[in-house]
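Examination of the molecular architecture
Each chain, letter by letter, is given below.
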Amino acid sequence: MEEDFEYEPNIKNILEQKELKWIFVGGKGGVGKTSVSCSLAVQLAKLHSSVLIISTDPAHNIADSFEQQFTRTPTKVKGVDNLMAMEVDSAPPQESIEEIFTDPENEQQNFMKNVMKDVVGNLPGLDELIALVNIFKIVDQHQFDVVVFDTAPTGHTLRLLSIPRSIDKVLRQLIQMKSWVGGLVNAMSGSLGVNATVNMDTMDELLPVIERLNKELKDPDITTFICVCIPEFLSLYETERLIQKLTALDIDTHNVVVNQVVYPDKTCDGDIACGLCASRSKMQTKYLEQIADLYEDFHVIKMPQMPLEVKGTTVLKRFGEFLVTPPDMSDQSVHDLVKDLPTK
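Okay, so let's go over this structure.

What counts, and where the lines are drawn
- Residues numbered from 1 in each chain as written.
- Predicted model: local features only at pLDDT ≥ 70, side-chain atom pairs only at ≥ 80, totals over all residues.
- Heavy atoms only, no water.
- Helix = DSSP H or I, 4+ residues; strand = E, 2+ residues; numbered from the N terminus.
- Buried < 20%, exposed > 50% of the residue type's maximum accessible area, 1.4 Å probe, protein only.
- 1 Å grid on protein atoms, 1.4 Å probe; cavity = no way out; pocket = protein on both sides within 12 Å on 5 of 7 lines; lining within 4 Å.
- Points joined across faces, edges and corners; volume = space filled by probe spheres on them.
- Expected span 1.5 Å × (residues − 1).
- Contact = heavy atoms within 4.5 Å.
- Salt bridge = Lys/Arg side-chain N within 4 Å of Asp/Glu carboxyl O.
- Phe/Tyr/Trp six-rings, centres within 6.5 Å; stacked < 30°, edge-to-face > 60°.

With that out of the way, let us pick up unusual backbone geometry. Among all residues except glycine, the phi angle is most often negative; among peptide bonds, the trans geometry is most common. In this structure, Gln143 is a non-glycine residue whose phi angle is positive, near 55°. Phi is positive for Gln260, which is not a glycine, with a value near 60°. Relative to the helices and strands, Gln260 resides in strand S7 (residues 255-261). Residue classification places Gln260 among the partly exposed residues on the basis of a relative accessible area of 24%.

Given below as C-alpha cells:
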C-alpha cells in the first residue's frame, strides 16, 4: 500500500519546482497578501537569476513593502539581487483596444473606429485580457525565470484568471466572422463616403497568445496559486470559495499561508500575559483546527503576527525565511524572532 504523502508546512515545494513560471498570491483584502508575495519573491531571487513581482491590485502596495516607487516598467528592487518589480492596471488604456480593430495610419477611420469599439471593443473582459497579454509580452521580452503576482482581492482576481477561457470562444467566432465584418464595414464606409478598413489581423495574432495563456494557467508545472488567509471566519469562508473556483478553472493550488497567527507572550509562571491576546488566540485556535481539517492535502504555513511592520527588504527577508522554515513558537516569543533586526 502506498504511503500517504506528507505535506510539509512550508513553501519548499514552490521553491523546488524548477519549471514554475507563474505564481499568483491572493486572498481576501487585508490578510497580508503583499507581505507574502514580496517575501516569496525575495526567496525566489536567491534561486533564480531573474525574478519579477507584479502588482495587479488597483491599490498597489509593493512600493510600500519595498519602500521604493515602481511603475509599469520593470524596475530593480534595491537591496535584493535578481529581483525586479512593476505595477500594472488590470485594464489597459482604451486606445489599446481600438488598435485591435483599426489601422492607426488611416486618418479617415474615426467613425468606423467608434462603431467597432462599440460592437466588439466592449466585450466583457477584453480590457483585462489585453492587460494580461501585455504582461506576458513584457515577461517574454525580459526573459524572467519566474513571476510572482501580488493580486487584487479575491473577486477581482478570479475574474482576471477566468477571462482567457471565457473570451477564447468569442474571439474564435469573431475571427470566423472577420470577412463578413470587413464586408459590412466596407459597405457602410462606402455609403458614408469614408475610406475605412478594419484591421482584423491583430485578432489573429491575439488568439495564439490566448491559447498559450489558457494552456500555461492550467499546467501545474508552470502555474500555481498561493492562498493567503487569516484564522477568522470571513477569511476562511472566502479562502474555501477561492480554492473551489480555482479548482473549477483547473488552476493548481496546494499552498495556504495562514497569516497573523497570535502567539501570546507568557509570564514566568507560564500564564498568558495579555488578556486580549489570550482571547484572540482562543478564537483563532478554532479556525486553525478547521483549516487543518479542510486542507489536509495542502501545504499549510502558519505565519506569526509580527511585532513590527513587514516592510523593507531586511524584514521581508526575515519573513520570507519563516515561509521556508516556520519558527517553533513553543518556547519563544514573537519578539525573539526579530530582536536582531534594526527598529525604525
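By the definition in use, this model includes 3 cavities of 30 Å³ or more. Within this model, the largest cavity holds a volume of roughly 60 Å³. If you go around the largest cavity, the residues you meet are Leu161, Ser162, Arg165, Asn214, Leu217, Lys218, Leu249 and Ile251. At the level of elements, helix H7 (154-176) and helix H9 (201-217) are the ones that each hand at least two residues to the lining of the largest cavity.

On to helix H12 (residues 313-324), then. Here H12 spans 16 Å end to end across 12 residues, near enough to the 16 Å set by a 1.5 Å rise per residue. Most of H12 is tucked away: 9 of the 12 residues are buried. The complete set of buried residues in H12 reads Thr313, Val315, Leu316, Arg318, Phe319, Gly320, Phe322, Leu323 and Val324. Looking at the packing, one finds that the buried side of H12 touches helix H1 (12-16), helix H2 (33-45), helix H3 (62-66), S7, strand S8 (299-304) and helix H13 (334-337).

Further remarks concern the pattern of salt bridges. Scanning the model with the defined rule gives 6 salt bridges in all. Measuring nitrogen to oxygen at the nearest pair gives 3.0 Å for the salt bridge that ties Glu216 to Arg212. With Glu216 and Arg212 both in helix H9 and 4 residues apart, this pair spans about one turn of that helix. Judged by its relative accessible area of 15%, Glu216 is buried. Where Arg280 meets Glu232, a salt bridge forms, and the shortest distance between an N and an O atom there is 2.8 Å. In this pair, Arg280 is assigned in helix H11 (residues 275-294) and Glu232 in the loop between strand S6 (223-229) and helix H10 (233-248), connecting sequence segments 48 residues apart. Since its relative accessible area comes to 32%, Arg280 is described here as partly exposed. Shared partners join several salt bridges into a network, and the residues in it are Asp140, Arg212 and Glu216.

Before going further, it helps to examine the environment of Tyr263. Tracing the sequence through the fold places Tyr263 in the loop between S7 and H11. C-alpha of Tyr263 to C-alpha of Val334: the two residues are 71 residues apart in sequence and 7.0 Å apart in space. Not counting residues within four places of it along the chain, the set of residues in contact with Tyr263 comprises Lys302, Pro304, Met329 and Val334.

A word on the packing of aromatic side chains. Summed over the entire model, instances satisfying the criterion amount to 7 aromatic pairs. For the pair Trp22 and Phe136, a centre-to-centre distance of 4.1 Å together with 20° between the ring planes defines the contact as stacked. Highlighted residues: Trp22 in strand S1 (residues 22-27) and Phe136 in helix H6 (residues 126-142), separated in sequence by 114 residues. When sorted by exposure, Trp22 lands in the same class as Phe136, which is buried. Residues Phe24 and Phe149 carry aromatic rings whose centres are separated by 4.3 Å and whose planes lie at 10° to one another, so their mutual orientation is stacked. With Phe24 in strand S1 and Phe149 in strand S5 (residues 146-150), the pair connects residues that are 125 residues apart, well separated along the chain.

Note that all results are geometric; they support no functional claim without further evidence.
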